[in-house]
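# Tertiary structure, described
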Amino acid sequence: MNHLMEIAIIGVIIAFQTFAGYRENKYLGAILPLAFLAAVGVFLYRGALGFNFKDIVMPFIGLFVLIMLYQGGKESRKSKINKELEKMKAKDISKRK
């Protein structure tokens, strides 16, 4: 596969998982982690993964990264909402004076 294509696929995965977190949709955010675990299961069943350190740690790191991307989108939404609330409070306080 072309390196540019691999980078594009990774970008789409990051964007999708962050978007799912931003929308706070748990089901949408669970699609990629479950697909990743299924792929790891298939690779393990076919014998493509062995019982060495790399093959044991990789699924945990991949799952952790997907969960953290979801959480990052969720935190981004909360931050945006808090900023908007602060602006609304500032406008409300200035109108009272």
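As a reminder, the structure under discussion sits directly above these lines.
One structure accompanies this document, and this report is about it.

Rules of the game
- Residues numbered from 1 in each chain as written.
- Predicted model: local features only at pLDDT ≥ 70, side-chain atom pairs only at ≥ 80, totals over all residues.
- Heavy atoms only, no water.
- Axes fitted to C-alpha atoms, helices over the stretch in contact; angles between N-to-C directions.
- Helix = DSSP H or I, 4+ residues; strand = E, 2+ residues; numbered from the N terminus.
- Parallel < 35°, antiparallel > 145°, perpendicular 65-115°, else oblique.
- Contact = heavy atoms within 4.5 Å.
- Nonpolar A, V, L, I, M, F, W, Y, C, P; charged D, E, K, R; others polar.
- Expected span 1.5 Å × (residues − 1).
- Buried < 20%, exposed > 50% of the residue type's maximum accessible area, 1.4 Å probe, protein only.

## What about the packing of helix 2 (residues 26-46) against helix 3 (residues 53-96)?
At a minimum axis separation of 10 Å, helix 2 and helix 3 run at an interaxial angle of 170°. In terms of orientation, helix 2 lies roughly antiparallel with respect to helix 3. Contacts between helix 2 and helix 3 involve Lys-26, Gly-29, Leu-32, Pro-33, Phe-36, Leu-37 and Val-40 from the first element and Met-58, Pro-59, Gly-62, Leu-63, Leu-66 and Tyr-70 from the second. Here the contact of helix 2 with helix 3 is built from residues that sort into 10 nonpolar, two polar and one charged.

## Quick word on helix 3
Spanning 44 residues, helix 3 covers 63 Å between terminal C-alpha atoms, matching the ideal 64 Å at 1.5 Å per step. Listed as buried for helix 3 are Asp-55, Pro-59, Gly-62, Leu-66, Tyr-70 and Gly-73. Against helix 1 (3-22) and helix 2 lie the buried residues of helix 3.

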